[in-house]
Amino acid sequence: MAVPQSKTSKSKRDMRRAHDFLTVSNRSTCDHCGASKLPHHVCPECGHYKGREMVRKSVEA
């Protein structure tokens, strides 16, 4: 079984974990309705992508 030669210091441990943080996903706004959406995705609110209607959204009363 592998046994460490010496204790890993808090500094070394924390430097190793420096890139383990979570990043916030990039958001962009829809050109058609102004809603927040993921880049390179169809808008979930209006169904438009690059100025064209890709998914027809039904209007519910």
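About the cut-offs
- Residues numbered from 1 in each chain as written.
- Predicted model: local features only at pLDDT ≥ 70, side-chain atom pairs only at ≥ 80, totals over all residues.
- Heavy atoms only, no water.
- Salt bridge = Lys/Arg side-chain N within 4 Å of Asp/Glu carboxyl O.
- Buried < 20%, exposed > 50% of the residue type's maximum accessible area, 1.4 Å probe, protein only.

Caption draft 1: Local environment of the pattern of salt bridges. Under the counting rule described, the total for this entry stands at 2 salt bridges. For Arg13, the salt bridge identified is with Asp14, shortest N-O distance 3.1 Å. Under the relative-accessibility criterion, Arg13 is labelled partly exposed at 30%. Taking relative accessible area as the criterion, Asp14 reaches 40% and is therefore assigned partly exposed. A salt bridge links Arg56 to Glu53, with the nearest nitrogen and oxygen atoms 3.9 Å apart. For Arg56, a relative accessible area of 70% puts it in the exposed group. For Glu53, a relative accessible area of 40% translates into the label partly exposed.

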